[in-house]
Structures are given as structure tokens and as C-alpha cells.
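So the chains spell out like this:
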Amino acid sequence: MKKTMKKISYDQAIFLGDMFYLITISVHVLILAKIIPLEWISGGIVSSFDQQIQISTVNLLISVLGLAFIRWANHSKESNSVRLFAMVLTIVWAAGLLMQLMGTPFEQFVVS
């Protein structure tokens, strides 16, 4: 893990974090606007749109807070702890993205 972290520069981690949160926010806005079909998300497990509204709302809130953290971290470059946290988050985001890309019909549709 240390080796991987050394390959990712701080600016790359900030950029990847920004992109991750912006894409996540965009996807949830598309879900709430009913542009992305309910069957395509959450592996088709969600049974109603009302249930998905709750999930997407919480995810939007978390994503907005995450984006705010990334923007704040970009201005706190001097702090080693913020730097390390941002780089660890980048590795976690990348792993999560890879797992999701192999998952639901929506992710499979986007990848293929």
C-alpha cells in the first residue's frame, strides 16, 4: 500500500477525489430525476422509488461533504495528516469504483 501511495501525487489524489464526488453527485441527481431506471441501480434490489430517494439523498449529502473535504484538503497541503488521509481515500475510491464497475446492470451498461 505504501508503494502505491508513493506513485499517487497529492494533486492527482485531489483531482481523483473531485472527479469521484462530482460523478457520484451527477449519478444520484440522474437517479432522482428518474433518468436512470430503478432496475439499473443497487443491483435491482431497491423495490420502490421512495426507498431509492432516501438512499440517494443520503449519498448526495455524503458526497457533498466529501467534496467539501477534498476542496478544503486542497488548501491544506502543508498538513501531512490531511495529505495521507486524502491519498488513502483515493486508494479506497479506486477499489470501490473497480468493484462497482463489475456489479450492477447500470455499471455493466456504462462499462460496455
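These notes cover the structure that comes with them. (Residues numbered from 1 in each chain as written. Predicted model: local features only at pLDDT ≥ 70, side-chain atom pairs only at ≥ 80, totals over all residues. Heavy atoms only, no water.)

Moving on: the nonpolar core. Core analysis: the largest hydrophobic core is formed by 16 residues, its most contacted members being Tyr10, Ile14, Tyr21, Ile70, Ala73 and Trp93. The set of elements that each furnish at least two residues to this core consists of α2 (10-32), α3 (49-75) and α4 (80-101). (Core = buried A, V, L, I, M, F, W, Y, C linked by side-chain atoms within 4.5 Å. Buried < 20%, exposed > 50% of the residue type's maximum accessible area, 1.4 Å probe, protein only. Helix = DSSP H or I, 4+ residues; strand = E, 2+ residues; numbered from the N terminus.)

What follows concerns a nonpolar patch on the surface. Together, Phe15, Leu16, Met19, Leu22 and Ile23 make up a nonpolar patch on the protein surface, roughly 450 Å² of accessible area in all. On the secondary structure map, leucine 22 appears in helix α2. On the basis of relative accessible area, leucine 22 is assigned to the partly exposed category, the value being 34%. (Patch = residues over 30% accessible without salt bridge, like charges linked within 9 Å, V, L, I, M, F, W, Y side chains within 5 Å. Areas by Shrake-Rupley, 256 points an atom, 1.4 Å probe, with all protein chains shown as cover. Salt bridge = Lys/Arg side-chain N within 4 Å of Asp/Glu carboxyl O.)

Further remarks concern the pattern of salt bridges. Under the criterion given, the structure shown has one salt bridge. Salt-bridge contacts for aspartate 18 lead to arginine 71; the nearest nitrogen and oxygen are separated by 3.2 Å. With aspartate 18 in helix α2 and arginine 71 in helix α3, this pair connects stretches of sequence that are 53 residues apart. For aspartate 18, a relative accessible area of 13% gives the class buried.

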